[in-house]
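Chain and residue survey
Take a look at the letters that make up each chain.
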Amino acid sequence: MLCTRGTKQGMIKNMAANIVIGTQWGDEGKGKVIDILASRADVVVRSQGGNNAGHTVASGGEVYKLHLIPSGILYKDTLCMIGAGVVVDPKVILEEIDGLSSRGVTFDNFKIDPRAHVIMPWHIILDGLSEKFRGNMDIGTTKRGIGPCYMDKYERSGIRIYDLVHPDIFAEKARATGKLRNSIITNVFGGEAVDIEAVIKEYTEYGKRLAKYVDDVSVLTYEANKAGKEILFEGAQATLLDIDFGTYPYVTSSHPISAGVCIGTGVGPTVIDKVYGVAKAYTTRVGKGPFPTELDNETGDYIRNNGGEFGTTTGRPRRTGWFDAVIVRHAVRVNGLNCLVVNKLDTLAGLDTLKICVAYKKPDGTVVKDFPATLEELEGCEPVYEEHPGFKDDISKCRSFDELPEICKSYIKRLEELCECKIAMIGVGPDREQQIER
Ligand code: GDP
Ligand code: IMO
Ligand code: MG
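Computed from a predicted structure; not experimentally measured.

Turning to the sheet that holds strand 3 (residues 17–22), a few remarks are in order. Ordered by their spatial adjacency, nine strands build an open sheet running 9-7-4-11-3-12-16-20-21, and the pairing between neighbours is mixed. Edge strands, defined here as strands with exactly one partner in the open sheet, are strand 9 (110–112) and strand 21 (435–437). In this sheet, adjacent strand axes meet at a mean angle of 20° when their direction is disregarded. Here strand 12 (residues 274–280) runs beside strand 16 (residues 339–343); their pairing, made up of five bridges, is parallel. Bridge pairing in strand 16 links glycine 277 to leucine 340.

Encoded structure:
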C-alpha cells in the first residue's frame, strides 16, 4: 500500500483525498504519477495554472501530452474536473478535447467550474509584450497569457467561464475589459489592438461548445468526498514556481503548493489526507531565474539528452543540475509532504559520480540549510555537495526496490534522509509500469 498513515488507534487507513504536487521547478513527472494514482481514484481535480503546464502520460506505447485536461482523463469512469483556480484558454482546451477524442478518450465525465477565469487573446499578447519590455530581465514565461489573466482576476476585471457560456454577459464584459487592454497594448507598448468584435464572435462559439461541461466543482468535490470517493488533486507547476514560496519574480502567477489546492478547488483543508511531492533524481528548470546546482557543462548536457529534457509545452531545452536537497526540504515544509516520489533515476545511469547538494554556503562562509526567502539572500550562495558513486546499470526493468543495484538504493536512502521525507515511489522509465512502489 502506498504512503499510509496511522490513525489514532494505530490502524492503517486508506486515504481518500490526496494531492500530487511538484517539489522543484516543474516537469518532475507529475503527469505520470497522477496517471498511476488515478487508476485507484474516482475523481481527479486540477486547481491552478493553465496551459503553461505540460504533463506527459505514457501508457502501452501511447504518449499523451496534456496541458489543461487533468491526467485522470485516460480512465473512462473517472470524474475529471477543472477547479475555480485554473485559468482556461477556451481555444486550447477545445483543441485538447478534440485531439484526445480522436484518440478514443471520452469526455462524458468532464467538468469545468464556472468561476475559472478565461485566458483572452489580449492576455497572450500582453504576456509577450511585457516579456519583451523586460528585455534581459525577462522571466522566460511560456507566453500563454497566464500572468496577465491572473492579473485581471485579482484586479477584478476578469472574464469567467460562466460569462463565456452566456453570450450577452460575455459580449458586455469582453467589450469593457477588451477596450482597456487594447488601450494598454497600443498606448503603453505600441502594439496592435485586438479586434474585439471578432474575438467576441469567435469566443462565443467556444462558449457554446464548452457550456455542457460547466458545473460547480466545489460542490461536486465536496459531495464526492462525503460519499467516500477517492479524490486526487493534480498539481501543475511546482513549489519553486509558487508566487510566494518560489524564486520570485521568476515564478508563475498561481499557487502550485498544496495549500493552493483548497483555494483553487473550493474545499477545506480538512478534506485532504495526504500530500505526495514529486521530484526528479536531479533538478531541471525551464525559463530564467536562479538555479544553484545548475550544470552548464558536459554532465548537464548528458542529463538533458539522456532524460529527454526538452519542454513539453514550449519545446525549450531544460536547464539541468544535481539534486538539491535544500529545495526539496523547502518543498517538504511548505507543502506538508507525507511522502516523495523520485522519478527519472534511470536517467542518471552512466555518470561516474553523482552529487547531492546538502546545504548552501553564503559569501561570508556561513552554511545555510533552509532555502533563502529572497533572491538577494540566495545571491552568491554556493552549493555544498556530497559525492556519491555513480551506476552504469540499466535499471528500467526493475520493478521492486530490492531489484535496484545497491548504489541506487543507497542514493535513494540518502535523499530520503536529507529531505527528511519518505520516498514512496521511484521512477525508472516514462511508462506507467516503470514505477517502483515501496
Ligand atoms: P510534469 O509536468 O511534472 O507532468 O512532467 P513532464 O511530463 O513535463 O516531464 C516529465 C518527462 O519525464 C516526461 O517526458 C515523462 O514521460 C518522463 N518521465 C516521467 N517519469 C520518468 C522516469 O522515471 N524515467 C524517465 N526516463 N522518464 C520519465
Ligand atoms: P508543469 O506543470 C516547468 C515556468 C516558465 C517560466 C515561469 C513563468 O509542466 O510542471 P508562466 O508562463 O507560468 O507565466 O511562466 O514558470 N513554468 C513551468 N516550468 N513546468 C511547468 O509546468 C511550468 N509552468 C510554468 O517556464 O519560467
Ligand atoms: Mg511539464
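We now examine the packing of aromatic side chains. Enumeration over the complete set of coordinates arrives at six aromatic pairs. When the centroid spacing of 5.5 Å and the interplanar angle of 90° are considered together, the rings of phenylalanine 107 and phenylalanine 110 count as edge-to-face. Considered together, phenylalanine 107 and phenylalanine 110 belong to a single accessibility category, that of buried residues. Aromatic ring contacts, followed pair by pair, group Phe107, Phe110 and Tyr213 into a single cluster. Lying across the ring of tyrosine 64, arginine 103 places its NZ or CZ 4.1 Å from the centre. For arginine 438, the ring lying beneath its charged end belongs to phenylalanine 401, and the centroid distance is 4.2 Å.

Before going further, it helps to examine the coordination of the magnesium ion (ligand 3). Under perfect tetrahedral coordination by four donors, a metal shows angles of 109.5 degrees; under perfect octahedral coordination by six donors, it shows angles of 90 or 180 degrees. At the metal site, the magnesium ion (ligand 3) is ligated by Asp27 (OD) and Gly54 (O), and these contacts range over 2.0 to 2.1 Å. In this pair, aspartate 27 sits in the loop between strand 3 and helix 1 (30–38) while glycine 54 sits in the loop between strand 4 (43–46) and strand 5 (55–59), placing the two residues 27 residues apart along the sequence. A relative accessible area of 22% places aspartate 27 in the partly exposed class.

Thresholds applied
- Residues numbered from 1 in each chain as written.
- Chains lettered and ligands numbered in written order.
- Predicted model: local features only at pLDDT ≥ 70, side-chain atom pairs only at ≥ 80, totals over all residues.
- Heavy atoms only, no water.
- Pairing = 2+ DSSP bridges.
- Helix = DSSP H or I, 4+ residues; strand = E, 2+ residues; numbered from the N terminus.
- Axes fitted to C-alpha atoms, helices over the stretch in contact; angles between N-to-C directions.
- Phe/Tyr/Trp six-rings, centres within 6.5 Å; stacked < 30°, edge-to-face > 60°.
- Buried < 20%, exposed > 50% of the residue type's maximum accessible area, 1.4 Å probe, protein only.
- Lys NZ or Arg CZ within 6 Å of the ring centre and 35° of its normal.
- Donors = N, O, S within 2.8 Å, 3.2 Å for Na, K, Ca; no water.

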